[in-house]
Structure formats: structure tokens, C-alpha cells
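Descriptive structure summary
The primary structure of each chain is shown beneath.
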Amino acid sequence: MKPTRFAILLLALFMHTVAAHGQGIGGGQVTGNVQIDGQLTRPDSLIGAKDDPERWLMNARADILYTNGGFNAGLRFEAYTPPLPGFNAQYKGQGLANYFVSYANEQIEVTAGTFYEQFGSGMILRAYEDRYIGIDNALLGFNIHARPIKGVTLKGAIGKQRRYWEYGNGIVRGIDGEIDLNTAFSKLEEMPLHITMGAGFVSRYEADENIASSTQGYSLKLPLNVGAGAMRMNLAYKGWSLAGEYARKGQDPNAMNGYIYRKGEALLISGAYSQKGFSASVQAKRVDNMGFKSSRRETGEMLYINHIPAITKQHTYAFLSMYPYATQATGEMGLQGDVMYKIKKETLLGGKYGTDLHFNCSVITGLDTVALGGAGTEGYSSTFFSTGELYYGDMSLEIARKLDAKNKIACTYGYVVFNPVIEGHGGGLHHNNVIVADYSRKLGKGKSLRIEGEWMGSDSHYDSEIDDKRSGDWIMGLVEYNFGGHFFLSLSDQYCYNDGIGNYYTAAFGYTKNATRLQLSYGKQREGILCIGGVCRAVPATNGLTVSLTTSF
Amino acid sequence: MKRYLFFSLALALAAVSCDKIEADSEGRYIQFSGATGEWYDGKGVADHSQRVLLEKYTGVRCKNCPDGDAVIYAALESYGHKLVALAIHDSSSFTRPYGNDARLSTAEGEEWSNYFGISAYPTAMANRKYNDGYSLFNPAGGVNAEVDEALGEPTRVALAVTSDRNGAAYTIDVDIEFLQDVADPLTLTLLLMEDSVRATQLQPDGSTKDTNYIHNHLLRDVITNAWGADISADGKAGTKRHARFAYTVQNPLWKPEHCKVVAFISDKNTRQILNVAE
């Protein structure tokens, strides 16, 4: 992506601003942040860390935002020289990745340039970026938000999506409206039931092309305009809430679904109740052929127009998150339940400070389908309430208790069943039991100590053909020491002691002051999958020194 | 006002921004995109009818030919789509035009005439029946016996042809489906015939020349070569093949709106016709 005159103009503006006025220009404000992540790699044949000829790999970015009243302008410079392990090699390069100007008043906000947008839960449109996953599907075009009357928000978007350093072929057009009834109608302002409704429609245009069908000599009749629409409603009544969104997509033969013509649909429903010391929620979803990209040939992580929300817990402990669930936009059904309860303090079970219980469970399956044909056909049929093979299931119970003013302990038991088919390879279901003990102690004068121990027992065995180095039984220990108010030092080791491969030790040192954080770590990283919100990327094994610097101004 | 504008925009976007592709009869959303003249796996033929090509060698100076035409018109009424008629003018003296009329002869018609030994006019053949020689007969004396005999043969290969005309340019799609094993090599012949061609015709009294005589199902051109294009197929029962051909009408005096494309499958060795479609 070559910088346009527009971006160069913006850059010149900022350089002038920063050089001449520091924090302001004409009363405006300049803010920004910089993040540099680098890694000095070494090959390690035992864990599969490859030999990167460049040795030094780096992801770096600088966001700068200028704000003056309702006027905003921003840009982002990115450099991948080359990208860190696990990030797509097509990111290699540097330049202005994002740039925009916008103006907003009470009624309207208009953005020209690159922008991010989301309609509802994102099932028909979610342009977003996640630097840790390596996804940036920003739209380059125009974005409008209008608030014509109180309680009503209208959105419009048109543009092409970022694909590494280029833009996809397809043009994305979308429009969305949402009304907050209690705000829009004064008679409903005092009503305890809060109602929000919305609907949106997104269309992708992509030029015709020749894509062979499974019948020799025949190509696909391609829809050039593919539409997707969604309706949603949120209800809230005192401690209760209920939200639902239903989306449909027209015929969209693409590389993800094997170029079938079945229409897509998705339903997401969630209900929750909360009160002091207790909350519970349940979520259910069904997704059928809802992968929606702005290029029908795209198979990677880029050019997604929509996003199917994940309804599995985002685990933070290493072994519980070793097998994360990747959302299957082509088809899945899922159910999640979550309960949090605080046992009252000064009770037998609650102790002096109370005890927190957190229970979560989820199950995800495929769809029950009947194959009807391959590329150029309807593809399959499925029954709405009938489930297919098990993809993923987990259950975890965390008990956390503050022992006294200085000491706190949290213990977690988790169970994960994982089907490797969702990562595209074979093997049977993996069943893992995980136990975590997490102890932290305040030592005073800015010092604290945290000790974490984890164990995972698995029925999986390392298979050299599949080469999944997560297999087997594992133990882990971590010691983290914070001192001086700004420094931390940590040591950790993950060791596969049975049916697997690997001993992954890491030492890390960090310094934080104000908005600046520097971290150095050295050690081995186990290969695996990193998922955020159901969107994942492979994390390859690495061995070496990692440097991370973040700052903002 | 803004609300109405928004909903109008939303409706407009929804209306124009979602294409619907219709499936074919087999539930497929595909279109032929292979090379013209090449054979590919096909979708089969819905109509397994056995049909007959009734070729009539004729000429504008042949006084008995109008009687043959009358019999053939009656047969076409009687047999409907199971009978396809074709009027062939070779280069004999019977085909020499009157006055300024254009000659209706074709090179392929002459080649066929010579091959089949046509010496009298009118002479007809039904599916080029061969039995120690080709079964030639005078259509003026009736065609039903020969047509019935040909129709009585089992359908060994089903055939369908469709043509899409854009001005003078035709795109012709041919589907064949083997219903029985066929060991002999086969060829596909495509031809263009024209109806409602006005040309002077000698009448049965031998002296009257009808200057407004209407010549129908007149052979204008053979799109493939005279003996057809080889069909690439293994000949096993159940085999389905498809081929696309492109053709442009060769003569501006031929009226495309009166033209039809005819396809027939014949045995490459005996020239006997296995099936025909128009």
C-alpha cells in the first residue's frame, strides 16, 4: 500500500505539529502510542523453532491522533521487518497502514480514510484490528454515523478492506440503524424495561471471474453482489437482560465453504441475571455457512467482513488456554453457561473477606448435515436443532479467596475436551484435566510475589505425523516478583513429563514507569494456537530473546 | 426527513445488492466454460426419445419433388418432434436455379449425394439406414414405413441440442447420453437449415414454375465438416458428454430468424444415424 497524497498531507501536518508545537496546534491535541515487539531468534530442532535468516524479527507501530474540537485526524505507521513468528509473512514491509480524517458534532460524524466499524454483534459487519492475532480488516472509504433524533443511531459504511499492505478486490457497502426506545420516546423514559432494537444490511460487490466447478468444463455462475442482513433486540429489566440477533446471508460461494450456494444464517441469544454477589448468564448460538469475506477466493485470516462472536471462556491460565476454541464460521452450534457467586464474608465458607466462586462451562458442536454436492451445488442440508460432532467442550471452577490483607489464593479445576478437526488435522478427541494454584502476596514498599503452579493430565499422545507438541501430560511453575514499584522479574517453566515433547523455560524482566513499559524475556515458547474472541492464529515454537516496548503520550 | 432518507437508502441497497443465482434442473449453479469443440462430462439428456432424420434430395427443376414435400409435411404433422426433415440440394442439373434465384445447393449436400449414390429426385433416406446398401426411396410414395422402422430402433444414444443466437452468431450446446454400450466410433454433425425460403420450383405438371414456392427445412450449411466431428466418449452406457460449438451464419441473405440448428449422431463407419435433434 503506497502512501497516498492524502496520507502524506496528514503526515506533514503531524510532523509540523509535533515539531513546532509539541502537544498542540491551534488549540488541538496530539496523542499517540508506540509499540515495538522484537525477537532475536535461535533455531531449536527439539521444539521445532526454525532458523530465521533475519535473526531479528519485529512488529512495530505508532498511532498518532490529532484532535481539535470535532475534528480528528490520525495515522498509523507500521513496520514488520520481518514479522514476528506466527504472523503472516505478507505483512513484511513498512509504511502508513491507516490514515483518516473525521468530523463529528452532535448529529453526525463523518470519517474519510481508514476506519473500523461494527453493526450489532458483528455477525454481518465487523471491521476491526487485533494486533496480537495479526488481523486488521479496516475499511478504506467513508463512514457516517448520524443521530437524527434522540435515541436513534444510523450508520453507513462503504469501502475496501485492508489485506496486509493491499486492499481486497471487493467493495463493502453497509447500512445500520438502532433505536433505543426508552430514549427515543419520552413516555418510555421511566419504564423499567429497557428496549433497544436494530437492523443492518451489508453487501459485497466483487467482479466476475472464472472459478471451475467440480464438473469438468463448467464454471460457477457467481453472484457479484452478496448481501447479508441482521436484526437484533436487547431487553433489560432490573437485573435481567436478554439479547438476541439473527442474521442471514445470500448465496456466497467462496473458498471457505467450498463454493457452495447454500444461504447462510446465524442466531445468537444471550440471557443474564446479576445482583450483588451473584451473576449468571447463558449464551446459545447456531452458525450455518456465515463466513463472509470481501474476496470470495480468500482463505486466510484477512478480509473477513463479519465476525462470529465466541461463546467459550477466554481462559488466561496457560494449560486451560492450550487448546482454545476457534470459531467455525462455516457451521457450529454452541451453548455456554457462566455463574459467579461470592460467598459472604465472615461465614464458615466465606472466611474473613468472602470467597469468590466462578463456574463456567461450554459445549460447541458441528452441524448435523446431509451432503448434497460439491462446488456449484447447494452443498448440504441441515436440521436446525440437530447437532453434529463434538468440536469443543470445557468446564472450569475457580475458587478465589483473600486470606488476609497480604495473601490471596485462587485454585482452579478445569476440564477441556477438544476435537483437532477444528484445527484442520486428524486424531481423536483430546481430554484434558487441569489444576491451577495461584498464590499472591503483597510484601510492602511496592513489592509483591506471585507463584503459580499448573498441572495438566491429557489422554493425548505425541504423534510425529501430526506433530502437535501440545500433546501429553504437563506441569508448570511460575514465580513473579514485583519490586521498586516499577520492576518485575519472572521465571517460568512448562515441562511435558509424559507422552509429549518439550521443556519450555522463560525468564523475563520488566520496567514500567508512567505510560512506558519495557520488557525483556529470554526462553523457549511452545508452539500452539492463540485465540482472541474465537479468532486464532498459530504460534510457532521459538527460542530466543524477546523485547517489548510500549509507550503513549 | 433524515429517517425517510435512511430507510430509502437501506431499501435501495437491499434491492440492488444481493444477486440470486438460479439452479439448473439438477440443482447446480454452473455454466459451461470449456473450449469450443471439445468434449466434457455432461449433465445428461432428459428426453431419451429416438428420432428420425428424413433427408430428401431434391431440386427446383424436379417436377415430382413438390409431391414429396407434401408427403413429408404430412409426416411432420403426424410424427411431431420425433421426425426432423432436411431438404438437400446437390449440384445435379435438377438444382440449377431459375432466373435470378440463388442456387440452393451446398458442397456438403453434393458430397453426401455422391457418397450415397443419389441418382433420382426426389430421393429420401430415414436415418441413413444401411442394409447391404443405403435404403433410398421416393418420398412421394410415402415415408411412414421407413420412418416407423427407424423409430422402432431402440434409443442407443440420447441427444439434445440448444442454440443461443446473438445476431448472426450462434452458441450451440450439445448433450449426449449413452443409453446402451456403443462400440463403434461416433461423430456429431451440426447443420443449419432454413425455413420459408422463396424460390421458383417446377410443379408436377412439368411446365408450371411456381415463382413463390416456399422451400422449408432447407440445408444451408454444415457447421461441422460434412461427416461430423468425432465424439470423445468411451461409449459405455451411462456416459454423459457435452460440447459447445460456435458458429456464425455465413451468408447475409440467410435469415437467422428462420434458421434452425440440427444435430445428429452417426456411426463413423457406416454413416447410419443413431439419433437426431433440432
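Here the structure is a predicted model, which means the values were calculated and not measured. (Residues numbered from 1 in each chain as written. Chains lettered and ligands numbered in written order. Predicted model: local features only at pLDDT ≥ 70, side-chain atom pairs only at ≥ 80, totals over all residues. Heavy atoms only, no water.)

1. A word on the overall build of chain B
Within chain B, the secondary structure is distributed over 4 helices and 17 strands. Taken over the C-alpha atoms alone, chain B extends approximately 85 × 45 × 30 Å along its principal axes. Every one of the 278 residues in chain B was classed for burial, and the buried ones make up 49%. (Helix = DSSP H or I, 4+ residues; strand = E, 2+ residues; numbered from the N terminus. Buried < 20%, exposed > 50% of the residue type's maximum accessible area, 1.4 Å probe, protein only.)

2. Some words on the interface of chain A and chain B
Between chain A and chain B, the contact holds 33 residues from the first and 27 residues from the second. Across the chain A/chain B interface, buried area totals approximately 2,600 Å², and carbon plus sulfur atoms make up 60% of it. Of all residues in chain A, Ile175, Tyr218 and Lys221 of chain A give up the largest surface area on contact with chain B, accounting jointly for 25% of the area buried on that side. Linking chain A to chain B there are 0 salt bridges. Here chain A is connected to chain B by 13 residue pairs in polar contact (both at pLDDT 80 or more). Where the side of chain A that touches chain B is concerned, the elements lending two or more residues are strand 11 (152-163), strand 13 (171-180), strand 14 (193-205), strand 15 (218-220) and strand 16 (225-237) of chain A. The biggest single contributor to the side of chain A that touches chain B is strand 13 of chain A, with 5 residues. Counted by class, the side of chain A that touches chain B contains 12 nonpolar, 15 polar and 6 charged residues. (Contact = heavy atoms within 4.5 Å. Buried area = accessible area lost by both parts, 1.4 Å probe. Salt bridge = Lys/Arg side-chain N within 4 Å of Asp/Glu carboxyl O. Polar contact = N/O pair within 3.5 Å; in protein donor to acceptor, adjacent residues only side chain to side chain. Nonpolar A, V, L, I, M, F, W, Y, C, P; charged D, E, K, R; others polar.)

3. Quick look at the domain arrangement of chain A
Residues and elements named next belong to chain A. For chain A, the assigned domains read domain 1 (114-125 + 133-138 + 147-309) and domain 2 (315-501). With centres defined by C-alpha atoms, the gap from domain 1 to domain 2 works out at 28 Å. Contact between domain 1 and domain 2 buries roughly 2,200 Å² in total, counting both sides, with carbon and sulfur atoms accounting for 51%. Interface area lost by domain 1 to domain 2 is led by Arg262, Lys285 and Arg286, which between them contribute 27%. For the interface between domain 1 and domain 2, the tally reads 1 salt bridge. Residue Lys285 pairs with Glu332 through a salt bridge whose shortest N-O separation is 2.5 Å. Our count for the contact surface shared by domain 1 and domain 2 stands at 20 residue pairs in polar contact (both at pLDDT 80 or more). Counting only elements with at least two residues in the side of domain 1 that touches domain 2, the list comes to strand 18 (264-275) and strand 19 (278-288). Ranked by the residues each element gives to the side of domain 1 that touches domain 2, the list is headed by strand 19, at 11 residues. (Domains from an automatic or database assignment.)

4. Some details on a nonpolar patch on the surface
Residues and elements named next belong to chain A. Taken together, Tyr413, Ile435, Trp455, Ile475, Tyr495 and Tyr497 make up a surface patch of nonpolar side chains, about 540 Å² in accessible area. Within the element layout of this structure, Ile475 appears in strand 26 (residues 473-483). Since its relative accessible area comes to 38%, Ile475 is described here as partly exposed. (Patch = residues over 30% accessible without salt bridge, like charges linked within 9 Å, V, L, I, M, F, W, Y side chains within 5 Å. Areas by Shrake-Rupley, 256 points an atom, 1.4 Å probe, with all protein chains shown as cover.)

5. Some points on the sheet that holds strand 7 (residues 169-178) of chain B
All names here are of chain B. Taken together, 4 strands build an open sheet; the order of strands is 2-15-7-6 and the sheet is antiparallel. Two strands bound the open sheet, and with one partner strand each, they are strand 2 (39-41) and strand 6 (157-166). Strand-to-strand twist of the sheet, defined as the mean angle between neighbouring strand axes without regard to direction, takes the value 25°. As paired strands, strand 2 and strand 15 (residues 240-248) are joined by 3 bridges and run antiparallel to one another. From the neighbouring strand, Trp39 faces strand 15, where its bridge partner is Ala243. (Pairing = 2+ DSSP bridges. Axes fitted to C-alpha atoms, helices over the stretch in contact; angles between N-to-C directions.)

6. Points about the packing of aromatic side chains
All names here are of chain A. Summed over all chains, the structure comprises 30 aromatic pairs over all chains. When the ring of Tyr91 is compared with that of Tyr164, the centres are 4.9 Å apart and the planes differ by 85°; the resulting orientation is edge-to-face. In this pair, Tyr91 is assigned in the loop between strand 3 (71-80) and strand 4 (93-104) and Tyr164 in the loop between strand 11 and strand 12 (166-167), connecting sequence segments 73 residues apart. The residues Tyr91 and Tyr164 share a single accessibility class, namely buried. Judged by centre distance (6.3 Å) and plane angle (50°), the ring pair of Tyr273 and Phe278 falls under tilted. The partly exposed category is assigned to Tyr273, whose relative accessible area is 21%. (Phe/Tyr/Trp six-rings, centres within 6.5 Å; stacked < 30°, edge-to-face > 60°.)

7. Points about helix 3 (residues 107-116) of chain B
Residues and elements named next belong to chain B. Inspection of helix 3 places Glu108, Gly109, Trp112, Ser113 and Phe116 among the buried residues, and these make up the whole buried set. The arc enclosing the buried residues of helix 3, seen along the axis, measures out at 140°, which places them on a common side. Residues of helix 3 that are exposed and point over 90 degrees away from its buried face: Ala107 and Asn114. Lining the buried residues of helix 3 we find strand 3 (52-58), strand 4 (83-89), strand 5 (123-126), strand 8 (186-194), strand 13 (218-222) and strand 16 (259-267). Backbone geometry just downstream of helix 3 places Gly117 in the positive-phi region, at approximately 75°. (Arc of directions from axis to C-beta.)

8. Section: the confidence of the model for chain A
Detailed conclusions should not be drawn from predicted coordinates in areas where pLDDT is low. Taken as a whole, chain A shows an average pLDDT of 92; of its residues, 95% reach a score of 70 or greater. Throughout residues 17-23 of chain A the model reports pLDDT below 50, and contacts reaching past four residues in sequence, or to other chains, amount to 11 contacts. (pLDDT = per-residue confidence, 0-100.)

9. A look at the state of the cysteines
Linking two cysteines covalently through their sulfur atoms gives a disulfide. Residue and element names in this part refer to chain B. Inspection of every chain in the model, using the stated rule, returns 1 disulfide over all chains. Note on cysteine connectivity: Cys62 is disulfide-linked to Cys65, with sulfurs 2.1 Å apart. The disulfide joining Cys62 to Cys65 has a torsion of about 95° about its S-S bond and is therefore right-handed. The same class applies to Cys62 as to Cys65, namely buried. (Disulfide = S-S within 2.5 Å.)

10. Let's talk about the pattern of salt bridges
Residues and elements named next belong to chain A. Within this structure, the stated rule accounts for 48 salt bridges over all chains. Its salt-bridge partner being Asp136, residue Arg76 comes within 3.1 Å of it at the nearest N-O pair. Of this pair, Arg76 sits in strand 3 while Asp136 is found in strand 9 (residues 135-136), placing the two residues 60 residues apart along the sequence. Here Arg76 and Asp136 have matching classes, each one buried. For Arg297, the salt bridge is made with Glu209, and the minimal N-O distance between the two is 2.6 Å. Of this pair, Arg297 sits in the loop between strand 19 and strand 20 (331-343) while Glu209 sits in the loop between strand 14 and strand 15, placing them 88 residues apart in sequence.

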